[in-house]
Amino acid sequence: QVQLVESGGGLVQAGGSLRLSCAASGRTFSSSSMGWFRQAPGKEREVVAAISRIDDITYHADSVKGRFTISRDNAKNTVSLQMNSLKPEDTAVYYCAAKNTVSSSTVYRDAEEYDYWGQGTQVTVSS
């Protein structure tokens, strides 16, 4: 079992930066591949970025590539999302997710594949 708690959301002007953090409790964080997803009003949940369990293989959606960076610290049981050059279209509720896996290098992009979810944190980017 993994419990996930996101923090770091807020209101920022376009062009600004935010850093989201996800703190994981439980004994299986190091057994989990992690992901960040977002859901804007009236839209489906979409993957933003994902990172493998050990080998730090990462995936970033085309819409955020070059602006967002996912990272993890297995010693601290945290996964972070650094968001730079924010745009109004980045406005959404951002969710942290964990997937139990034995693979050290696989990243998962489908929300259906994830086992645990945080409660979400709101990110609002004003124009």
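Residue numbers here run from 1 along each chain, matching the order of that chain's written sequence. Only residues with pLDDT of at least 70 get local features here, since the model is predicted, and only at 80 or more are side-chain atom pairs given and counted; chain-wide, interface and lining totals rely on the full set of residues. Computation of side-chain values: all heavy atoms of the structure, hydrogens and water removed.

### Concerning the packing of aromatic side chains
Aromatic rings from Phe, Tyr and Trp, with only the six-membered ring used for Trp, were paired whenever their centres fell within 6.5 Å, and each pair was classed as stacked if the ring planes differed by under 30 degrees, edge-to-face if by over 60, and tilted otherwise. Per the counting criterion, the structure on display carries 4 aromatic pairs. Plain terms: the ring middles of Phe37 and Tyr114 are 5.2 Å apart, the flat faces sit at 80 degrees to each other, and that makes the pair edge-to-face. Here Tyr114 lies in the loop between strand E9 (92-100) and strand E10 (116-117) and Phe37 lies in strand E4 (residues 32-39), a separation of 77 residues in the sequence. Every member of this aromatic cluster is reached through a ring pair, and the members are Phe37, Tyr95, Tyr114 and Trp117. The lysine or arginine in question, Arg45, covers the ring of Trp117, its NZ or CZ lying 4.6 Å from the ring centre. Charge-over-ring placement is defined geometrically: NZ (Lys) or CZ (Arg) within 6 Å of the ring centre, and within 35 degrees of the ring normal. Cation over ring: Arg109 sits above Tyr59, and NZ or CZ is 4.7 Å from the ring centre. A run of H or I in DSSP becomes a helix once it reaches four residues, and a run of E becomes a strand once it reaches two; helices and strands are each numbered from the N terminus.

### Notes on unusual backbone geometry
Of note, Asn77 is a non-glycine position whose phi angle comes to about 55 degrees, a positive value. Mapped onto the elements, Asn77 comes out in the loop between strand E7 (68-73) and strand E8 (78-83). For Ser85, which is not a glycine, the phi torsion comes out positive at approximately 50 degrees. Mapping Ser85 onto the fold places it in the loop between E8 and E9. Residue Ser85 is classed as partly exposed on the basis of its relative accessible area of 41%. Each residue gets one of three labels from its accessible area relative to the maximum for its type: buried under 20%, exposed over 50%, partly exposed in between, using a 1.4 Å probe on protein chains only.

### A few points about the sheet that holds E7
Read across the open sheet, the 4 strands follow the order E1-E3-E8-E7; overall the sheet is antiparallel. What marks the edges here is a single partner per strand, and that holds for strand E1 (3-7) and E7. Shown here is a sheet whose adjacent strand axes are inclined to one another by a mean of 15 degrees, direction ignored. DSSP-based pairing: two strands are paired if at least 2 bridges between them are found. Sheet topology note: the E1/strand E3 (residues 18-25) ladder contains 5 bridges and is antiparallel. Here, axes are lines fitted to C-alpha atoms. For helices the fit covers the stretch in contact, and angles between N-to-C directions go from 0 to 180 degrees.

### Here's the deal with the state of the cysteines
Two cysteine sulfurs form what is called a disulfide whenever their separation falls within 2.5 Å. This model, assessed by the stated rule, comprises 1 disulfide. Bridging Cys22 to Cys96, the disulfide has an S-S length of 2.1 Å. Here the S-S torsion is close to -80 degrees, and the disulfide linking Cys22 with Cys96 is therefore left-handed. Taken as a pair, Cys22 in strand E3 and Cys96 in strand E9 lie far apart in primary sequence, 74 residues in all. Considered together, Cys22 and Cys96 belong to a single accessibility category, that of buried residues.

### Examining the environment of Tyr114
On the basis of relative accessibility, which here comes to 6%, the residue Tyr114 falls in the buried class. Spatially, the C-alpha atoms of Tyr114 and Met34 are 8.4 Å apart, while their sequence positions differ by 80 residues. Only heavy atoms matter for contacts: two residues are in contact if any of them lie within 4.5 Å across the pair. When sequence neighbours within four positions are dropped, the list of residues in contact with Tyr114 reads Ser33, Met34, Gly35, Phe37, Ala50, Ala97, Ala98, Lys99 and Tyr108.

### Notes on the nonpolar core
Judged by nonpolar contacts, the single largest core of 29 residues is most densely connected at Leu4, Trp36, Leu81, Met83 and Tyr94. Within the residue set of this core, elements represented by two or more residues are E3, E4, strand E5 (46-51), E7, E8, E9 and strand E11 (121-126). For Met83, the contacting residues outside a window of four places in its chain are Gly16, Ser17, Leu18, Leu20, Arg67, Phe68, Tyr94 and Val123. Here, nonpolar core means buried Ala, Val, Leu, Ile, Met, Phe, Trp, Tyr and Cys residues that are tied together by side-chain atoms lying within 4.5 Å of each other. The next biggest cluster of nonpolar side chains, apart from the first, holds 6 residues, and it includes Phe37, Ala50, Tyr108 and Tyr114.

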